[in-house]
Number of protein chains: 2
Amino acid sequence: MKVYVDRMSQPSRAILIFCKVNGIEFEEVRIDIFKGQHRSPQFKEINPLGLVPAIDDGRIKLFESHAILRYLACAFPGVPDHWYPADDINRAKINSILDWHHSNLRFGSVSLFRNSILALVFGFPVNQEAANKGEKLLCSSLSTIESIWLKGDAKFLLGNNQPSIADLSLVCEIMQLEEKLDIFFLSQLLNEKDRLRIMGPHKKISQWVENFKAATSPHFEQVHEILYKAKAKFHAKL
Amino acid sequence: MKVYVDRMSQPSRAILIFCKVNGIEFEEVRIDIFKGQHRSPQFKEINPLGLVPAIDDGRIKLFESHAILRYLACAFPGVPDHWYPADDINRAKINSILDWHHSNLRFGSVSLFRNSILALVFGFPVNQEAANKGEKLLCSSLSTIESIWLKGDAKFLLGNNQPSIADLSLVCEIMQLEEKLDIFFLSQLLNEKDRLRIMGPHKKISQWVENFKAATSPHFEQVHEILYKAKAKFHAKL
């Protein structure tokens, strides 16, 4: 199986972690977004929409990270059931979180930064109204995760003691968010107060991320090294 | 099973149509969004996020329309396989379209109108930049559906001769879009040129919607009656 990814993208990292943790054999094909490789005619043969991640296992060419995770969990024997339970009820709850993710945690995070700091950095017009809406959605999404799906003392979403593909997708999103907040803070595009306003009050989220790292060690940290390196490089520059 | 819906919402209609077409017994519980019933404590017991559609079959309380459709297709015996095939490959392709839908067709449609005409109607500030981006995304989404998933002469998405839950979800979205375009046109908030620019060039989409109506008759039209009535009422007023 070929797995087409850019490790700077959070859904790409989710696919890599899933394959490594579950011993699924694959070849990683790097599609460098900054170099525009996702728009090449060769890659459009794999995903006509030109987005990573995508896979090609000889049976199917597939894109959209949640669809890929569902497929891998079902099509590869040996993936433990907790990732995407065969039972209708538990599977439905995981699907509900995955569907919610698109228009909430992901969308809030993307629209906050795309309309504020990233616009500044790349020279696009800042849209403060859209950025404010993004921040509001992002913060309410983090609260929703804590109050609904991390309610109680369980280690993972939905009161589970082992992670699912919903934990994987959402934790990778939060890693990206924390990284952005750190880099923007280091570069003085964001002050401590603003950073704390977004991530500060969410202790349960931080514990959950740590639980997930421990459950998928050492693969989680290895796949995220690119983020840590980007931050260190940035720090050194300053 | 109780099905909590507001028929003015496109994902609500998708759930109703699915149940009716497949002979799934249910009780329809109307949650009137305009009256704020989705924010009532009683409904928050069903869906803590306060959104329709949601279901409660005694085994699970579930929200997010795509998760509900997947669950119904799997948990209720007798639903024909074409709606959500058991085969990994075909199921994965349908999941890919459903996941894509969130951030493309739906998001484009919602952000076009919420930032332009609906803002005008409800007295919110118009955000022309966001509306333009929404229109661009909406139009490219319609083109993607035609060029990728309706390629060839098949009646439904992915070259299929029978519909899936992806056809159902996307067609209901397009019905909502057409309805909005018609009402805004009738109320002179939109001119013929603008209306044609969005829906005009997509002949394959129109044929596909007709195919879907025929395949799910008479339930599709019955559940959509509320839209037709809203339009007729509006027309009469003018």
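If you check an unreviewed UniProt entry, chain A appears there as Glutathione S-transferase T1-like from Iris pallida.

Visitor: Mind showing me how you'd approach the overall build of chain A here?
Guide: A count of helical and extended segments in chain A gives 10 helices and four strands. Counting from the amino terminus, chain A carries its helices and strands in the arrangement β-α-β-α-β-β-α-α-α-α-α-α-α-α. Against the globule reference of 18 Å for 238 residues, chain A gives a C-alpha radius of gyration of 18 Å, in line with a compact fold. With respect to the principal axes defined by its C-alpha atoms, chain A has extents near 50 × 50 × 30 Å. Going through the 238 residues of chain A one by one, you find that 52% of them count as buried. Partitioning the intrachain contacts of chain A with sequence separation of at least 6 by distance along the chain shows that 66% fall at a separation of at least 24. Accessible surface computed for chain A: about 10800 Å², of which carbon and sulfur atoms make up 53%.

Visitor: How should the pairing of strand β2 (residues 27-30) of chain B be read in this particular structure?
Guide: Consecutive side chains of a regular strand alternate in pointing toward one face of the sheet and then the other. Residue and element names in this part refer to chain B. Pairing of strand β1 (residues 2-5) with β2 involves four bridges; the strand directions are parallel. Bridge pairing links Val-5 to Arg-30 in β2. Viewed along the sheet, the connection from β1 through helix α1 (residues 10-21) into β2 turns out right-handed.

Visitor: Got a minute to help me understand the nonpolar core in this structure?
Guide: The nonpolar side chains of soluble globular proteins are, as a tendency, buried together. Residue and element names in this part refer to chain A. Judged by nonpolar contacts, the single largest core of 67 residues is most densely connected at Phe-18, Leu-72, Ile-145, Leu-157, Leu-168 and Trp-208. If you tally residues by element for this core, the top one is helix α7 (residues 165-186), at 12 residues. Among residues more than four places away in sequence, those in contact with Leu-168 are Ala-14, Ile-17, Phe-18, Leu-69, Trp-83 and Phe-212.

Visitor: I tried to follow the pairing of β1(B) on my own but got confused; where do I start?
Guide: As defined by bridge partners, β1(B) adjoins strand β3 (residues 54-56) of chain B across three bridges and the pair is classed as antiparallel. Across the sheet, residue B:Val3 finds its bridge partner in β3(B), namely B:Ile55.

Visitor: Looking at this structure, I do not really get the interface of chain B and chain A. What am I missing?
Guide: Often the size quoted for an interface is simply the accessible area lost on bringing the parts together. Listed by partner, the interface residues are 33 residues for chain B and 33 residues for chain A. Taken together, the two surfaces of chain B and chain A that pack against each other cover about 2800 Å², and 61% of this comes from carbon and sulfur. Looking at the side of chain B facing chain A, the largest losses of area belong to B:Asp88, B:Ile89 and B:Asp99, adding up to 18% of the total buried there. Where chain B packs against chain A, one counts two salt bridges.

Visitor: What am I meant to see in the sheet that holds strand β4 (residues 61-63) of chain A here?
Guide: Either a parallel or an antiparallel arrangement is found when strands of a sheet pair, and the pairing is made through backbone hydrogen bonds. Residues and elements named next belong to chain A. Overall, mixed pairing links the four strands, which are arranged β2-β1-β3-β4 in an open sheet. The sheet terminates laterally at β2 (27-30) and β4, the two strands that pair on one side only. Strand-to-strand twist across the sheet, computed as the mean angle between neighbouring axes with direction ignored, equals 20 degrees. In terms of strand pairing, strand β3 (residues 54-56) meets β4 through three bridges, oriented antiparallel. Bridging from a neighbouring strand, Ala-54 pairs with Phe-63 of β4.

Visitor: Can you walk me through the packing of helix α4 (residues 88-114) of chain B against helix α7 (residues 165-186) of chain B in this structure?
Guide: Each packed pair of helices is defined by two parameters, the angle between the axes and the distance between the axes. Residues and elements named next belong to chain B. Where α4 meets α7, the closest approach of the two axes is 9 Å, and the angle between their N-to-C directions is 10 degrees. The orientation of α4 relative to α7 falls into the category roughly parallel. In this structure, α4 contributes Ile-94, Ile-97, Leu-98, Trp-100, His-101, Leu-105, Arg-106, Ser-109 and Phe-113 to the contact, and α7 contributes Ile-165, Ala-166, Ser-169, Leu-170, Glu-173, Ile-174, Leu-177, Lys-180, Leu-181 and Phe-184. Among the residues forming the contact of α4 with α7, the class breakdown is 13 nonpolar, three polar and three charged.

Visitor: Just to check I follow, could you spell out the UniProt feature "domain: GST N-terminal" (unreviewed entry) in chain A for this structure?
Guide: UniProt records the feature "domain: GST N-terminal" (unreviewed entry) for residues 1-80 of chain A in the present numbering. What you have in residues 1-80 of chain A is 36% helix and 18% strand, and the ends, taken at the C-alpha atoms, are 20 Å apart.

What counts, and at which threshold
- Residues numbered from 1 in each chain as written.
- Chains lettered and ligands numbered in written order.
- Predicted model: local features only at pLDDT ≥ 70, side-chain atom pairs only at ≥ 80, totals over all residues.
- Heavy atoms only, no water.
- Helix = DSSP H or I, 4+ residues; strand = E, 2+ residues; numbered from the N terminus.
- Rg over C-alpha atoms; globule rule 2.2 N^0.38 Å.
- Buried < 20%, exposed > 50% of the residue type's maximum accessible area, 1.4 Å probe, protein only.
- Contact = heavy atoms within 4.5 Å.
- Areas by Shrake-Rupley, 256 points an atom, 1.4 Å probe, with all protein chains shown as cover.
- Pairing = 2+ DSSP bridges.
- Right-handed = clockwise from strand over helix to strand, strands pointing away.
- Core = buried A, V, L, I, M, F, W, Y, C linked by side-chain atoms within 4.5 Å.
- Buried area = accessible area lost by both parts, 1.4 Å probe.
- Salt bridge = Lys/Arg side-chain N within 4 Å of Asp/Glu carboxyl O.
- Axes fitted to C-alpha atoms, helices over the stretch in contact; angles between N-to-C directions.
- Parallel < 35°, antiparallel > 145°, perpendicular 65-115°, else oblique.
- Nonpolar A, V, L, I, M, F, W, Y, C, P; charged D, E, K, R; others polar.
- UniProt positions renumbered as here; feature names shortened; annotations may be inferred.

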